[in-house]
Amino acid sequence: MSGPSLEALVQDALAHNPEIAAAWHEADAAKQRVAPAGALDQPMLEFGIVNAPLGSLSPRREDMTMKMLGLGQRLPFPGKRALRRGVATAGAESAEFAARETSNRVVRDLRVAYEDLVFNAEAQRIVARTRGALEQLLAIAQSGYLVGRTVQNDVLDAQTEIGRLRGDLLRLAREHLTQQSELRRLLGRDTPELSITPAEPALAPEPAVASDPAGLTLANRPELLA
């Protein structure tokens, strides 16, 4: 039974991976800081009493007592608001590039984990088939040994090889559990009993070779652009 394709899992990770979601929330928060960065400071309202007598808090007792009410606004040096807005804009763009870098990294890790799982499943099938064939040969060797047609070394060699293959199957089974956990983490799923069955392996078309990989990296890598 074939499971979800790699591209389906990639879309699932892009939609549900918490690390990707956090990176894009941070980018959105950086965008929201652009407009306030160029705004004026909050105006200040002042209220005070001058020359009030210490023995009484009444502002009417002394003729020299004065009440003050003022409204102030700090004005930055010309060009400073635009500069702050430009810095915030660059920060928002950098945060967006960082979110893209996080998405690319998670997708890369997902592809590697998926291919490891495909390789593991195919390796388990091959080892299981090989062990089955060796067990048949062992039965034939044991029957031949009983009637004197084969030597004991053939039986022992077959038993040793079968034991080694059983150890390989146990190792592959442990690796399978680790790979399943890694896939669930990248997909943002926290259900331990969920098992992901990879699709049947198939040869992919030969990828195109970039003429200038270094130039493409410098022009398109989000981490460098950030």
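One can find the structure itself at the top, above this paragraph.
The present account deals with the structure reproduced in this document. Predicted, not measured: the structure shown is a model, and the values here were computed from it.

## Quick notes on helix 5 (residues 152–187)
Turning to step 1, where the next piece is worked out: Counted at 1.5 Å a residue, the expected span for helix 5 with its 36 residues is 52 Å, and the 53 Å between its end C-alpha atoms agrees.
Turning to step 2, where the next piece is worked out: Of the residues trailing helix 5, Gly188 is marked for its positive phi of about 75°.

## Quick notes on the pattern of salt bridges
Turning to step 1, where the next piece is worked out: Tallying each qualifying case throughout the model produces 16 salt bridges.
Turning to step 2, where the next piece is worked out: Arg221 serves as the salt-bridge partner of Glu101, at 2.5 Å between the closest nitrogen and oxygen. Note that Glu101 is positioned in helix 4 (residues 80–146) and Arg221 in the loop between helix 6 (213–220) and helix 7 (222–225), a separation of 120 residues in sequence.
Turning to step 3, where the next piece is worked out: For Glu101, a relative accessible area of 14% puts it in the buried group.
Turning to step 4, where the next piece is worked out: Accessibility expressed as a relative area gives 35% for Arg221, which makes it partly exposed.

## Points about a nonpolar patch on the surface
Turning to step 1, where the next piece is worked out: Judged by side-chain polarity, Leu45, Phe47, Ile49, Leu69 and Leu71 come together as a nonpolar surface patch covering roughly 640 Å² of accessible area.
Turning to step 2, where the next piece is worked out: Those elements giving two or more residues to the nonpolar patch turn out to be strand 1 (44–50) and strand 2 (66–72).

## A few points about the nonpolar core
Turning to step 1, where the next piece is worked out: Leu9, Leu110, Tyr114, Leu183 and Leu187 are the most contacted members of the largest nonpolar core, which has 17 residues in total.
Turning to step 2, where the next piece is worked out: Looking at this core, the elements that each hand over two or more residues are helix 1 (6–16), helix 4 and helix 5.
Turning to step 3, where the next piece is worked out: Tallying contributions element by element places helix 4 first for this core, with seven residues.

Conventions and cut-offs
Residue positions are given per chain, counting from 1 as you read along its sequence in written order. The predicted nature of this model means local features are confined to residues of pLDDT at least 70 and side-chain atom pairs, given and counted, to a pLDDT of 80 or more, with totals for whole chains, interfaces and linings taken over all residues. Think of the side-chain values as coming from all heavy atoms in the structure, minus any hydrogens and water. A run of H or I in DSSP becomes a helix once it reaches four residues, and a run of E becomes a strand once it reaches two; helices and strands are each numbered from the N terminus. Here the expected length of a helix is defined as 1.5 Å per residue gap, with one fewer gap than residues. When a carboxyl oxygen of Asp or Glu is within 4 Å of a side-chain nitrogen of Lys or Arg, the pair counts as a salt bridge. Three exposure classes are used, based on accessible area relative to the maximum for each residue type with a 1.4 Å probe and protein chains only: buried under 20%, partly exposed in between, and exposed over 50%. A patch is a set of surface residues, each over 30% in relative accessible area and not in a salt bridge, joined within 9 Å for like charges and within 5 Å for the nonpolar side chains Val, Leu, Ile, Met, Phe, Trp and Tyr. Accessible surface area values rest on a Shrake-Rupley calculation with a 1.4 Å probe, where residue burial reflects the displayed protein chains alone. Residues belong to one nonpolar core when they are buried, are Ala, Val, Leu, Ile, Met, Phe, Trp, Tyr or Cys, and are joined through side-chain atoms within 4.5 Å.

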